[in-house]
Protein chains: 2
Amino acid sequence: MAAPRANMSYRDIKQVVLDRIHNKIWPPDSLLPSETDLAEEFSSTRTTVNRALRELAEEGYLERKRKAGTRVLNAPVRKAQFAIPLVRDEITENGSEYRYALVERTVLPAPAWLSARMDIPQGRDVLHLRCMHYAGNAPFQYEIRWIVPDSIPDVLEADFSSSGPNDWLVQKVPFTNLELSFLATKADQSVAEFLDAQAGDPVFTAERITWLRGQPVTLAKLFFAPGYRMTTHL
Amino acid sequence: MAAPRANMSYRDIKQVVLDRIHNKIWPPDSLLPSETDLAEEFSSTRTTVNRALRELAEEGYLERKRKAGTRVLNAPVRKAQFAIPLVRDEITENGSEYRYALVERTVLPAPAWLSARMDIPQGRDVLHLRCMHYAGNAPFQYEIRWIVPDSIPDVLEADFSSSGPNDWLVQKVPFTNLELSFLATKADQSVAEFLDAQAGDPVFTAERITWLRGQPVTLAKLFFAPGYRMTTHL
DNA sequence: AAGCCACTTATGTCTATATATATAGCCATT
DNA sequence: AATGGCTATATATATAGACATAAGTGGCTT
């Protein structure tokens, strides 16, 4: 048990508070003393205590409301953070060589499901790409991508034969909103062939839609090779 | 473009900085002016600018180093945050009725794979549970759980027949470390039956291991019913 | 009893200032 | 050319004090 002493940093205070929560000195649902009181106890200032409590609240341990005070959350809704790396980085950081191949490139009117999903006017032309990402010689990810060219200059002239749309978009088009889903899909014949799997095999899949200030930019379906796990620690 | 004016809050400053990044006024890899300079430009104080930049760095837009300054990250490694809700909450928040059933409860020596995975001494007794979580009448999640009773008082006496181990553990046992993985698995006969699926169907699966100060606490495999998506926005 | 308002209080945020600490860049020495 | 130390500087954090804002509380009114 950390004992309060003078000159405690906001980190120290965080730790003490966490300890007290763990040791049920401040049990779930209970109210913490006010910032002012804590500042006095720790011979610190309200600013410092504030930072400690604010961060703990962000991390999901506490709930804070003006006037109501700071409360210990009973079920710490801890949040899992997943970095969303570029495939390229994910592969190279793993020590493998990254290799990319463009499978198909077409421009076609947005199919109905895509219009609905991304809120694109019916029949608007979109750029459709299919690509493969390899880790060394092993297939790593099969990518099906739709790009709305309207608000993206040059995208129709971009050359995606030697580097992926991901790289290009990251460089050229920032996004303001993103929806990311993870799900399990069943490999169809085509996906199975690209990923070196059997048709019907379960495939870990990510769907990623981005917008730039309300304008839909791109939708990507990313099919990961069998055995893929998305892991995080905290 | 937000124009700098007096009395800008740290939120305003964040927005201006973000705008400038988006508009390539501060392109990727470039160095921002120092906090002192920005404070002057925004007729604010270093403290306020500091908070704005610190948060933007946390959000993955900037990289900050003492003396080196603040730099714009070229590939904004934005981080996806997933709340890890209790199944119960996930179901009730969806408007459905939560129902729980215990399928099996045994105490047995830890199998080898579990010992290895969680770093438990070979042959140590562990508690093994299988449970079902329903949303209304529809199967929602099939849970296979292993609990290391060593450091958890009362767990062997706990009654898991009417409420799940998740609820119990959350109440009784805090954790300090967590490993969370998402993957796609193939439903075996048993999983398929519980989830009302066909054997061989792809199943979105989460694996969750927790520790308390280095001691392994519990491993859960959570199999979600067909059609499940884990979604986040940012 | 129900509704409304004023008061109080805890957090939220900003200002102003000071000290701490890491380190890039330079210079001198080996 | 490599090494080691110095210094200037940018961020990191702490202090003290002020005002802003949300929201319980209690009292007053109807």
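Residues numbered from 1 in each chain as written. Chains lettered and ligands numbered in written order. Predicted model: local features only at pLDDT ≥ 70, side-chain atom pairs only at ≥ 80, totals over all residues. Heavy atoms only, no water.

Chemist: Which parts of the structure should I look at to understand the overall build of chain A?
Modeler: Assigned secondary structure in chain A consists of seven helices and 10 strands. For 234 residues, the compact-globule formula gives about 17 Å, and the C-alpha radius of gyration of chain A, at 24 Å, lies well above that figure. Overall, the C-alpha framework of chain A stretches about 65 × 35 × 30 Å when taken along its three principal axes. Considering chain A as a whole, with its 234 residues, one finds that 49% of them fall into the buried category. The long-range fraction of contacts in chain A, counting pairs at least 24 apart against all pairs at least 6 apart in sequence, stands at 56%. Within the structure as shown, chain A displays about 11,400 Å² of accessible surface, and the carbon and sulfur contribution to it stands at 48%. Separation between the mean location of the 28 positive side-chain charges and that of the 30 negative ones in chain A comes to 7 Å. (Helix = DSSP H or I, 4+ residues; strand = E, 2+ residues; numbered from the N terminus. Rg over C-alpha atoms; globule rule 2.2 N^0.38 Å. Buried < 20%, exposed > 50% of the residue type's maximum accessible area, 1.4 Å probe, protein only. Contact = heavy atoms within 4.5 Å. Areas by Shrake-Rupley, 256 points an atom, 1.4 Å probe, with all protein chains shown as cover. Lys, Arg positive; Asp, Glu negative; His and termini not counted. Charge placed at Lys NZ, Arg CZ, Asp CG, Glu CD.)

Chemist: Would you mind going over the side chain of Glu55 of chain B with me for this structure?
Modeler: The topology assignment puts Glu55 of chain B in helix H3 (residues 46-58). A polar atom in the side chain of Glu55 of chain B sits 2.9 Å from the side chain of Lys14 of chain B. (Polar contact = N/O pair within 3.5 Å; in protein donor to acceptor, adjacent residues only side chain to side chain.)

Chemist: Could you clarify how one ought to interpret the packing of helix H1 (residues 10-22) of chain B against H3 of chain B in this entry?
Modeler: In helix packing, the relevant descriptors are the interaxial angle and the interaxial distance, both defined with respect to the helix axes. Residue and element names in this part refer to chain B. The interhelical angle for the contact between H1 and H3, taken along N-to-C directions, is 55°, at an axis separation of 8 Å. With respect to their mutual orientation, H1 and H3 come out oblique. Between H1 and H3 the crossing geometry is right-handed. For the pair H1 and H3, the contacting residues are Tyr10, Ile13, Lys14, Val17 and Leu18 in the first and Thr48, Val49, Arg51, Ala52, Leu53, Glu55 and Leu56 in the second. A class-by-class count of the residues in the contact of H1 with H3 yields eight nonpolar, one polar and three charged. (Axes fitted to C-alpha atoms, helices over the stretch in contact; angles between N-to-C directions. Parallel < 35°, antiparallel > 145°, perpendicular 65-115°, else oblique. Left-handed = near helix turned anticlockwise from the far one by under 90°. Nonpolar A, V, L, I, M, F, W, Y, C, P; charged D, E, K, R; others polar.)

Chemist: What is the right way to look at the protein's contact with DNA strand C in this model?
Modeler: The immediate surroundings of DNA strand C are formed by 23 residues, with Glu35, Arg46 and Arg64 of chain A together with Ser9 and Arg11 of chain B found nearest. Contact between DNA strand C and Tyr10 of chain B: a phosphate oxygen at 2.9 Å from a main-chain N or O atom of the residue. Here a phosphate oxygen of DNA strand C sits 3.1 Å away from a polar atom, N or O, in the side chain of Thr48 of chain B. The set of elements that each furnish at least two residues to the surface near DNA strand C consists of helix H3 (46-58), strand E1 (62-65) and strand E2 (69-72) of chain A together with H1 and H3 of chain B. The element contributing the most residues to the surface near DNA strand C is H3 of chain B, with four residues. A class-by-class count of the residues in the surface near DNA strand C yields two nonpolar, nine polar and 12 charged. (Near = heavy atom within 4 Å.)

Chemist: I would appreciate a short explanation of the interface of chain A and chain B in the present structure.
Modeler: Much of the literature gives interface size as the accessible area that the parts lose upon coming together. Of the residues lining the interface, 48 residues belong to chain A; the matching set on chain B comes to 48 residues. Of the roughly 4,200 Å² buried between chain A and chain B, counting both surfaces, carbon and sulfur atoms make up 52%. Remark: the boundary between chain A and chain B carries four salt bridges. Among the salt bridges present, the one from Asp201 of chain A reaches Lys186 of chain B, with a minimum N-O distance of 3.4 Å. At the surface where chain A touches chain B, the tally comes to 12 residue pairs in polar contact (both at pLDDT 80 or more). Looking at the side of chain A that touches chain B, the elements with two or more residues in it are H3, strand E3 (79-83), helix H6 (165-172), strand E7 (177-186), strand E8 (202-212) and strand E10 (229-233) of chain A. Ranked by the residues each element gives to the side of chain A that touches chain B, the list is headed by E7 of chain A, at 10 residues. (Buried area = accessible area lost by both parts, 1.4 Å probe. Salt bridge = Lys/Arg side-chain N within 4 Å of Asp/Glu carboxyl O.)

Chemist: Honestly, the nonpolar core in this entry has me stumped. Any pointers?
Modeler: Across soluble globular proteins, nonpolar side chains have a tendency to be buried as a group. Phe182 and Phe204 of chain A together with Phe182 and Phe204 of chain B are the most contacted members of the largest nonpolar core, which totals 67 residues. Beyond its immediate chain neighbours, meaning those up to four positions away, Phe182 of chain B contacts Phe82, Phe182, Phe204, Tyr228, Arg229 and Met230 of chain A together with Phe204, Thr205, Ala206 and Met230 of chain B. (Core = buried A, V, L, I, M, F, W, Y, C linked by side-chain atoms within 4.5 Å.)

Chemist: Looking at this structure, how should I read the relation of the copies chain A and chain B?
Modeler: Related by rotation about an axis and a shift along that axis, the two copies of the chain form a pair. When chain A is brought onto chain B, the operation consists of a screw motion whose angular component is 180° and whose axial shift is 0.0 Å, with 0.2 Å RMSD remaining. What the superposition gives is, in effect, a two-fold axis relating one chain to the other. Interface overlap between copies is the fraction of interface residues in one copy that are interface residues in the other; for chain A against chain B it reaches 100%, indicating a shared surface. (Least-squares fit on C-alpha atoms with pLDDT ≥ 70 in both.)

Chemist: How do you make sense of the protein's contact with DNA strand D when you look at a structure like this?
Modeler: In the neighbourhood of DNA strand D, 24 residues make up the surrounding shell, with Ser9, Tyr10 and Arg11 of chain A together with Arg46 and Arg64 of chain B lying closest. Atoms of DNA strand D within 4 Å of the protein belong to the sugar or the phosphate in 64% of instances, the rest to bases. Contact between DNA strand D and Arg11 of chain A: a phosphate oxygen at 2.6 Å from a side-chain N or O atom of the residue. Interatomic distance of 2.8 Å between a backbone N/O atom of Glu35 of chain B and a phosphate oxygen of DNA strand D. Every element with two or more residues in the surface near DNA strand D is listed here: helix H1 (10-22) and H3 of chain A together with H3, strand E1 (62-65) and strand E2 (69-72) of chain B. Among the elements that make up the surface near DNA strand D, the one with the highest residue count is H3 of chain A (four residues). When the residues that make up the surface near DNA strand D are grouped by side-chain class, the tally is two nonpolar, 10 polar and 12 charged.

Chemist: In this structure, what is going on with the pairing of strand E6 (residues 138-147) of chain A? I would like to understand it.
Modeler: In regular strands, side chains alternate between the two faces of the sheet. Residues and elements named next belong to chain A. By the criterion of burial, E6 is predominantly enclosed, with nine of the 10 residues buried. Taking the residues that link successive antiparallel strands as the turn, the strand E5 (residues 125-135)-E6 hairpin has two residues, and the phi of Gly136 there is positive, at about 65°. Pairing geometry for E6 and strand E9 (residues 215-224), over seven bridges, is antiparallel. Residue pairing in the sheet places Tyr142 in a bridge with Phe223 of E9. (Pairing = 2+ DSSP bridges.)

Chemist: Can you help me understand the sheet that holds E9 of chain A in this one?
Modeler: Pairing between the strands of a sheet is mediated by backbone hydrogen bonds and can be parallel or antiparallel. Judged by pairing direction, the sheet is antiparallel, and its seven strands sit side by side in the order E4(A)-E5(A)-E6(A)-E9(A)-E8(A)-E7(A)-E10(B) without closing on themselves. Whereas interior strands pair on both sides, the edge strands pair on one side only; in this sheet they are strand E4 (98-109) of chain A together with strand E10 (229-233) of chain B. Taking the axes of each pair of neighbouring strands and ignoring which way they run, one obtains an average angle of 15° across the sheet. Across eight bridges, the pairing between E8 of chain A and E9 of chain A is antiparallel. Directly across from Ile209 of chain A, in E9 of chain A, lies its bridge partner Leu219 of chain A. Set on the sheet, H6 of chain A makes contact with E4, E5, E6 and E9 of chain A; between it and E6 of chain A the angle comes to about 50°.

In short, the description is geometric, and any link to function would need to be established separately.
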